[in-house]
Amino acid sequence: MTAKQKRALLIVDVQNGFCPGGNLAVEGGHEIVPLINGLIRNGEYDVIVASQDWHPADHGSFASQHPGKNVFDMGELSGKPQVMWPDHCVQGTPDAEFHPDLDIAKVHYIQQKGLNPLVDSYSAFRDNDQAAVTGLADWLIAQGITDLDVCGIATEYCVKFSALDAKEMLPGVNVRFFEDASRGIDPAAISAAIAEMEAAGIPSIQAKAIHENRMPW
Ligand code: VGL
Ligand code: ZN
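Residues numbered from 1 in each chain as written. Chains lettered and ligands numbered in written order. Predicted model: local features only at pLDDT ≥ 70, side-chain atom pairs only at ≥ 80, totals over all residues. Heavy atoms only, no water.

**Thoughts on the side chain of His59**
Okay, so step 1: Relative to the elements of secondary structure, His59 occurs in the loop between strand S2 (47-53) and strand S3 (74-77).
Okay, so step 2: By relative accessible area, which is 0% here, His59 ends up buried.
Okay, so step 3: Within the structure, the side chain of His59 is placed 3.5 Å from the backbone oxygen of Gly114, a separation counted as a polar contact.
Okay, so step 4: At 3.1 Å, the side chain of His59 and the backbone oxygen of Val119 are in polar contact.
Okay, so step 5: In this view, His59 contacts Gln65, Gly114, Asn116, Pro117, Val119 and Asp120; residues no more than four positions away in its chain are not counted. (Helix = DSSP H or I, 4+ residues; strand = E, 2+ residues; numbered from the N terminus. Buried < 20%, exposed > 50% of the residue type's maximum accessible area, 1.4 Å probe, protein only. Polar contact = N/O pair within 3.5 Å; in protein donor to acceptor, adjacent residues only side chain to side chain. Contact = heavy atoms within 4.5 Å.)

Next up, the structure:
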């Protein structure tokens, strides 16, 4: 007997802070918004989730909290190696808002992350030290999903760690990565992230191929 598929889309951190003009701008971050809106609107997904980087102003991943450190230096947070990020996605600021064109009204569940100032949280599922989970895995399991497609920003950070955690924390769920509906920071690191996801059983797919027969939306 084959059980019916229940498909979910996870949209990672499509926020002003990671788009041009934002505090941690990723080149072309805004370009994925129309593709993602197409995915949201094409009716293939039963469940749509968005994650939102949501830091307190004194978050320990910010270089501003580490005297003598520069942005993008390697530093330490709670004894672990940590990239020193610019202040970004501070709770309640425009930088933390979703991109204004993203069709957020059709999102069923928003998972905020990065609230604990003592640990960073790239994954939408748990903190980087893997000590605390966010609740997203339990929520998706309760929905009975069978398939999860992941897209968003930044490919080699929050998208990759979210996809890898999904594979590990959602037993039996098919996880895929939308390459063209994601953007990353460093081309070499993006390629390495795609290889790492593929090695973990997460294939790369293209949103454009899915849309081809459906446009205009
Ligand atoms: C992210 C760095 C710091 C991301 C979030 O969304 O990929 N990267 N915080
Ligand atoms: Zn962050």
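**Considering empty space enclosed by the protein**
Okay, so step 1: Considering all chains together, one arrives at one cavity of 30 Å³ or more under this definition.
Okay, so step 2: Its volume calculated, the largest cavity comes out at about 120 Å³.
Okay, so step 3: In terms of lining, the largest cavity is formed by 15 residues, of which the most central are Phe18, Leu24, Trp85, Tyr122 and Cys158.
Okay, so step 4: When its residues are assigned to classes, the lining of the largest cavity shows ten nonpolar, three polar and two charged. (1 Å grid on protein atoms, 1.4 Å probe; cavity = no way out; pocket = protein on both sides within 12 Å on 5 of 7 lines; lining within 4 Å. Points joined across faces, edges and corners; volume = space filled by probe spheres on them. Nonpolar A, V, L, I, M, F, W, Y, C, P; charged D, E, K, R; others polar.)

**Some thoughts on the coordination of the zinc ion (ligand 2)**
Okay, so step 1: Asp53 (OD), His55 (NE2) and His88 (NE2) make up the full set of protein donors to the zinc ion (ligand 2), lying at 2.0 to 2.2 Å.
Okay, so step 2: For the zinc ion (ligand 2), the four donor atoms are set out with angles of 89 to 168° between them, so the coordination reads as irregular.
Okay, so step 3: Linear spacing of the donor residues for the zinc ion (ligand 2) on their chain is D-x1-H-x32-H. Here His88 lies in the loop between strand S4 (80-83) and strand S5 (109-113) and His55 lies in the loop between S2 and S3, a separation of 33 residues in the sequence.
Okay, so step 4: Since its relative accessible area comes to 3%, His88 is described here as buried. (Donors = N, O, S within 2.8 Å, 3.2 Å for Na, K, Ca; no water. Tetrahedral: all angles 85-135°; square planar, octahedral: opposite > 155°, others 65-115°.)

**Remarks on helix H2 (residues 136-143)**
Okay, so step 1: Taken together, the buried positions of H2 are Leu136, Ala137 and Leu140. Seen along its axis, H2 keeps its buried residues to an arc of 100°; they face one direction. In H2, those exposed residues whose orientation departs by more than 90 degrees from the buried face are Asp138 and Ala142.
Okay, so step 2: Residues of H2 that are buried in the fold lie against strand S1 (7-12), S2, S5, strand S6 (147-153) and helix H3 (155-169).
Okay, so step 3: Just beyond H2, the residue with positive phi is Gly144, at close to 75°. (Arc of directions from axis to C-beta.)

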